[in-house]
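# Geometric and topological summary
As a plain string of letters, each chain reads:
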Amino acid sequence: FLLTTYKGELNDDLLLQLGLSYSDNTNDSEIIIDDYPVNINSYDDLLQFRTVLTKKLFSKSKLKFGFHLFSQSSKFMNYVFDGLELGVPSENYSGEAIVNEFLSTTFTEFDLKFSKKIAINVGLRYENSKLLNQSSVSPRFSSAYKIGKNSQISYAYGKFYQTPEMGFDLWYRQSNIDIDFVNSGLDFEQSTHHILNFEKSKKKKTIRIEIFDKEYNDLVLLNTPAECLYVCKSTLTNKGYGYSRGL
């Protein structure tokens, strides 16, 4: 395991931040199911690199640019049971699964302060996933207006994308899923956020009122045949959706 970071000024107006992490994990073990030895060996190799450049502009405004590289190589045994012999994996569907992901991300962000009362943040983020063979572009926006000496109102909007964590989340390894992890046919999971906020602080006391609306689309669902009577062999789809709204 390795983790290192750096933060320093290149000149009076330019700040550089770097981060690097690496981990290597090998699991060599097995479990016994109904006197049947099940190999649950796994291997994970993870590398991440992040960098952010911050440029100071007029007044107190800033322009940020950065990128994030994420590399993952995982191997594990994916056992699928088809209900014919309970407790014994199917030789037709089971086998070693290999997950190779290279996620590249770049973003830009502009913090603009018009005055002591008004501030706006605008950003754009691009992602490309080798595992999904998909790309995404997500806009971000937030603004704040100071309506009094101790109070302000703000609004934030954002589009967010996430790669299904097929190589990390044990749910994918333990839910009897028949899937080609290299050509899964899945897409990014995504969400859209709207948040309106009022905040007032005085004498170490804070009052905050927030209204939010968050919609979720293309969520990964487990697709299990309705006619299955015993142990069911399942597949995955992007047909899930949902929302979160409140005050």
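All values reported here derive from a predicted model rather than from experimental measurement.

Moving on, we come to the overall build of the protein. Counting its regular elements, the protein contains 1 helix and 13 strands. Overall, the protein shows an N-to-C arrangement of helices and strands of β-β-β-β-β-β-β-β-β-β-α-β-β-β. Here the protein, with 247 residues, has 30% of them falling under the buried criterion. For the protein, contacts bridging at least 24 residues in sequence account for 54% of all contacts bridging at least 6.

This part takes up the pairing of strand β12 (residues 205–223). The sheet contact formed by strand β11 (residues 189–202) and β12 spans 13 bridges and is antiparallel. By the bridge assignment, T192 is partnered in β12 with E215. Here β11 folds back onto β12, and the loop between the two strands holds 2 residues, one of which, K203, carries a positive phi near 50°. Where β12 lies against strand β13 (residues 235–246), 9 bridges are found, and the strand directions are antiparallel. Residue pairing across strands places E215 opposite Y243, the latter belonging to β13.

What follows is about the side chain of T54. Turning to its location among the elements, T54 is positioned in strand β5 (residues 42–56). Ignoring anything within four residues of it in the chain, the contact list for T54 reads D13, L14, L15, Q17, K62, L63 and K64.

Phi is positive for K204, close to 65°, though the residue is something other than glycine. Here K204 falls in the exposed class, since its relative accessible area comes to 90%. The phi torsion at D218 lies on the positive side, around 60°, for a residue other than glycine. Summarising the element assignment, D218 is placed in strand β12.

A contiguous nonpolar patch, built from F114, I118, Y145, I147, I153, L196, I207, I209, I211 and L247 and spanning about 960 Å² of accessible area, is present on the exposed surface. If you tally residues by element for the nonpolar patch, the top one is β12, at 3 residues. Within the fold, I211 resides in strand β12. The exposure class of I211 is partly exposed, given its relative accessible area of 45%.

It is worth spelling out a positive patch on the surface at this point. On the surface, a cluster of positive charge is contributed by K7, K56, K60, K62, K113 and K116. Its place among the elements puts K116 in the loop between β7 (95–113) and β8 (118–129).

The way to describe two aromatic rings as a pair is by their centre distance and the angle between their planes. Across all of its chains, the model carries 3 aromatic pairs by this definition. Aromatic pair Y161 and F188: ring centres 6.0 Å apart, planes at 75°, arrangement edge-to-face. With Y161 in strand β10 (residues 151–162) and F188 in the loop between α1 (170–173) and β11, this residue pair connects regions lying 27 residues apart in the sequence. When the ring centre of F212 is taken as origin, the NZ or CZ atom of K214, which lies over that ring, is 5.6 Å away. Above the plane of the ring of Y243 lies R245, whose end atom (NZ or CZ) is 4.4 Å from the centre.

Right, let's talk about the environment of K214 for a bit. Examined against the element boundaries, K214 turns out to sit in strand β12. Separated by 21 residues in the primary sequence, K214 and H193 have C-alpha atoms spaced 4.5 Å apart. In contact with K214, not counting residues within four places along its chain, are T192, H193, I195, G242, Y243 and S244.

Two side chains that carry opposite charge are able to pair once their charged atoms sit near each other. Throughout the structure, instances matching the rule amount to 4 salt bridges. In this structure, the salt-bridge partner of R208 is E199, at a minimum N-O distance of 3.0 Å. On the basis of relative accessible area, R208 is assigned to the exposed category, the value being 53%. By relative accessible area, E199 is classed as partly exposed at 23%. Among the ionic contacts, a cluster of salt bridges with common partners joins D213, E215 and R245.

Rules behind the numbers
Residues numbered from 1 in each chain as written. Predicted model: local features only at pLDDT ≥ 70, side-chain atom pairs only at ≥ 80, totals over all residues. Heavy atoms only, no water. Helix = DSSP H or I, 4+ residues; strand = E, 2+ residues; numbered from the N terminus. Buried < 20%, exposed > 50% of the residue type's maximum accessible area, 1.4 Å probe, protein only. Contact = heavy atoms within 4.5 Å. Pairing = 2+ DSSP bridges. Patch = residues over 30% accessible without salt bridge, like charges linked within 9 Å, V, L, I, M, F, W, Y side chains within 5 Å. Areas by Shrake-Rupley, 256 points an atom, 1.4 Å probe, with all protein chains shown as cover. Salt bridge = Lys/Arg side-chain N within 4 Å of Asp/Glu carboxyl O. Lys, Arg positive; Asp, Glu negative; His and termini not counted. Charge placed at Lys NZ, Arg CZ, Asp CG, Glu CD. Phe/Tyr/Trp six-rings, centres within 6.5 Å; stacked < 30°, edge-to-face > 60°. Lys NZ or Arg CZ within 6 Å of the ring centre and 35° of its normal.

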